[in-house]
Amino acid sequence: RQGMNKSVEFSKILGKNVRNKIRTRRKLHNSAGFMVLKNPDMASILVELGFLTNKHDAINLKNKSYQNKVLNNIVVAVDKYFENYIY
């Protein structure tokens, strides 16, 4: 349960950081039963960046500027998570 709580907390931080900076779904947090997301000791999330079958997403995913924007926002969220979260 503790790992799940950490993941939810990080998901909230990431969501706040990317909201209004890149196009996102309304509901940012979902749950999944993937083994890599069930680590009891640390936060773990899966970031879906888009679908190659979606023309708009495919264009963005190939664009270096978009890639950098997404990456920078994820890095900032990771930094904020570790600044605010005490293990």
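Chains are numbered independently. Their residues run from 1 in the order of the written sequence. Local features are withheld for residues below a pLDDT of 70 in this predicted model, meaning they are given only at 70 or higher, and side-chain atom pairs are given and counted only at 80 or more; totals for whole chains, interfaces and linings count all residues. Only hydrogens and water are set aside when side-chain values are computed; all heavy atoms of the structure are taken into account.

J.: Teacher, can you tell me more about the overall build of the chain here?
T.: The way it works is that DSSP assigns letters per residue, a run of H or I at least four long becomes a helix, a run of E at least two long becomes a strand, and they are numbered from the N terminus. Each helix and strand counted, the chain has 3 helices and 0 strands in total. Each helix and strand of the chain, ordered N terminal to C terminal, gives the series α-α-α. Considering only contacts in the chain between residues 6 or more positions apart, those separated by 24 or more positions represent 64%. Total accessible area computed for the chain in this model is approximately 7,000 Å², and 56% of it derives from carbon and sulfur atoms. Two residues qualify as a contact provided that any one of their heavy atoms is within 4.5 Å of a heavy atom in the partner residue. To be clear on the numbers: accessible area is Shrake-Rupley with a 1.4 Å probe, and residue cover counts the displayed protein chains and nothing else.

J.: Mind showing me how you'd approach the packing of aromatic side chains here?
T.: Two aromatic rings are characterised by how far apart their centres lie and by the angle between their planes. Pairing of aromatic rings covers Phe, Tyr and Trp, the last counted by its six-membered ring, and requires centre-to-centre distances within 6.5 Å; plane angles under 30 degrees mean stacked, over 60 mean edge-to-face, and any other angle means tilted. All told, the structure shown has 1 aromatic pair when counted by the stated rule. When the centroid spacing of 5.2 Å and the interplanar angle of 80° are considered together, the rings of Tyr 81 and Phe 82 count as edge-to-face.

J.: Can you help me understand helix 2 (residues 55–62) in this one?
T.: Residue pairs three or four apart in sequence face the same way in an α-helix, which turns once every 3.6 residues. Relative accessibility decides the category of a residue: with a 1.4 Å probe and only protein chains considered, values under 20% of the type maximum give buried, values over 50% give exposed, and everything between is partly exposed. Within helix 2 the residues assigned to the buried category are Asp 57, Ala 58 and Asn 60. Down the axis, helix 2 shows its buried residues gathered within 165° of arc, on one side only. Along helix 2, exposed side chains directed more than 90 degrees from the buried face belong to Lys 55, Ile 59 and Lys 62. Lining the buried residues of helix 2 we find helix 3 (64–84). Among the residues of helix 2, the N-terminal cap falls to Asn 54, whose side-chain oxygen and the backbone nitrogen of His 56 are separated by 2.9 Å. The directions from the helix axis to the C-beta atoms form the arc being described. Here a polar contact is recorded for every N or O atom pair within 3.5 Å, except that within protein the pair must consist of a potential hydrogen donor and a potential acceptor, and residues adjacent in sequence are included only if both atoms are side-chain atoms.

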